[in-house]
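Read off the chains here:
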Amino acid sequence: MWKSIQGAPPDSILGLTEAFKNDPNPAKVNLGVGVYKTDDGATPVLNCVKDAERVLLGTEASKSYLPISGDPLYSSCVQKLLFGADSDVISSARAATAHAPGGTGALRIGAELLKTFHSDSHVWVSNPTWANHNGIFTAAGFQLKSYPYYNPATKGLNFDEMLDCLKEIPSGDIVLFHACCHNPSGVDLYADQWQSVAEIAQQRGFIPFLDFAYQGFGSGVEEDRIAVETFADAGIDFFIASSFSKNFGLYNERTGAITVVSPSAAESAVAMSHLKKTIRVCYSNPPAHGGLVAKTILSEPSLEKAWRGELKEMCDRIVAMRTAFVDGLKSRGIDQDFSYIKAQRGMFSFSGLDDQTVNWLREHKSIYVVGGGRINVAGLTSQNIDYVCDAVAESLNR
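The text that follows walks through the structure, step by step, so that each part is easy to find. (Residues numbered from 1 in each chain as written. Predicted model: local features only at pLDDT ≥ 70, side-chain atom pairs only at ≥ 80, totals over all residues. Heavy atoms only, no water.)

1. Quick look at the pattern of salt bridges
Applying the stated criterion to the full structure yields 17 salt bridges. The closest approach of N and O atoms between Glu112 and Arg108, which form a salt bridge, is 2.8 Å. With Glu112 and Arg108 both in helix H5 (residues 102-117) and four residues apart, this pair spans about one turn of that helix. Where salt bridges share partners, they join Asp188, Asp224 and Arg345 into one cluster. (Salt bridge = Lys/Arg side-chain N within 4 Å of Asp/Glu carboxyl O. Helix = DSSP H or I, 4+ residues; strand = E, 2+ residues; numbered from the N terminus.)

2. Here's the deal with the sheet that holds strand E10 (residues 255-261)
Where strands meet in a sheet, backbone hydrogen bonds hold them as pairs that are either parallel or antiparallel. Strands sit in the order E2-E10-E9-E8-E7-E3-E4 across an open sheet of seven strands; the sheet is mixed. The sheet is open, and its two borders are formed by strand E2 (95-101) and strand E4 (143-148), each paired with just one other strand. Neighbour to neighbour, the strand axes of the sheet diverge by 25 degrees on average, direction disregarded. Note that E2 and E10 share seven bridges and pair antiparallel. Opposite Ala98, over in E10, you have Ile258 as the bridge partner. Relative to the sheet, helix H9 (residues 226-234) contacts strand E7 (174-178), strand E8 (207-212) and strand E9 (238-243), its axis offset from that of E8 by approximately 155 degrees. (Pairing = 2+ DSSP bridges. Axes fitted to C-alpha atoms, helices over the stretch in contact; angles between N-to-C directions. Contact = heavy atoms within 4.5 Å.)

3. A few points about the pairing of E10
Taking burial as the measure, the seven residues of E10 include seven buried ones, the bulk of the element. Judged by which residues are buried, E10 turns out to be covered on both faces: Thr255, Ala257, Thr259 and Val261 on one side and Gly256, Ile258 and Val260 on the other are all buried. (Buried < 20%, exposed > 50% of the residue type's maximum accessible area, 1.4 Å probe, protein only.)

4. Things to note about the environment of Gly379
The topology assignment puts Gly379 in the loop between strand E13 (374-376) and helix H15 (385-396). Separated by 151 residues in the primary sequence, Gly379 and Val228 place their C-alpha atoms 29 Å from one another.

5. Some words on the packing of helix H12 (residues 301-331) against H15
Axis separation between H12 and H15 bottoms out at 9 Å; the angle between their running directions is 45 degrees. Compared by their axis directions, H12 and H15 come out oblique. Of the two elements, H12 crosses H15, and the hand of that crossing is right-handed. For the pair H12 and H15, the contacting residues are Ala324, Phe325, Gly328 and Leu329 in the first and Ile385, Val388, Cys389, Val392 and Ala393 in the second. By residue class, the composition of the contact of H12 with H15 is eight nonpolar, one polar and no charged. (Parallel < 35°, antiparallel > 145°, perpendicular 65-115°, else oblique. Left-handed = near helix turned anticlockwise from the far one by under 90°. Nonpolar A, V, L, I, M, F, W, Y, C, P; charged D, E, K, R; others polar.)

Okay, here's the thing in structure tokens:
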């Protein structure tokens, strides 16, 4: 059946990783793939995760299927992290949460559920957005549109044009937001800006869908949920796709959650019934291990405290690398102002490097950057920062 069918193009980011692996240059640097790296260039297993796995090894008595929506305590832990333990959303039972295979799986399940009841709606994504957002919602059968977000001239948020666009979005359409640590730009909304967006969502009647993949990688676990809290206070329907890949380092365990927030407990129960129906025909029930690890950590105070400490260490290293990159370019006599990189949040940065520079860095220096200039700041280390800064300076001075 494949004789007359062309091969699919490689994923733009994972394909870059394959090229990096095949590059024989010992000085090569991968600033493309979205995984955290230590200063030694490794993607670690967190100590709290190892401790939780030791607990599970001694207590786990069965490998039987989980419920369709996953372990109930896992869902409870997810909600406390998303909303805060004292949130009205939890006490009023307005949220339905299901364990999903990673943030990507959560997005896809949410998309499938929305397609069932909003088949004629459009999905609006930020310009730019994570490339796989387009694929996920297109595969679910939606037509996509975009709203203004990043301003390449100011290297900041194009907020006024964003609001003007949101004010025209029809009721019943779905608008995808990055809750924090916008991928790929690293540019986030402030609290008052989220309030303006939530008010427009109330007025227009569109359905917000928050991609919350980086909680704790911006300003802190509590601070990063400002978008979630703002939409929750608005009392409207909205969706959250969350992930433990980055903040728990559970990349290959595919651990995430899809949460549907409704105005009332009765509506939430209806949402959960259809969420389960959607999951049943997609993967039946979720993989257990990663969820059990996250549940164990978040339900044991000493392990949660240890996790928060390790998470802060990761965030502090990323901030330090942002500063080192900006200061390193300035010390090499680069006139272009890169200070905006210090203000961006999370693992990713729109570096301001154009595609010509990106291609030159790969061809001549074996430094791998995603097209458009997005870099994973966590790929910078004390061992490679001087090499990268020298290379970027050389490319800009050509």
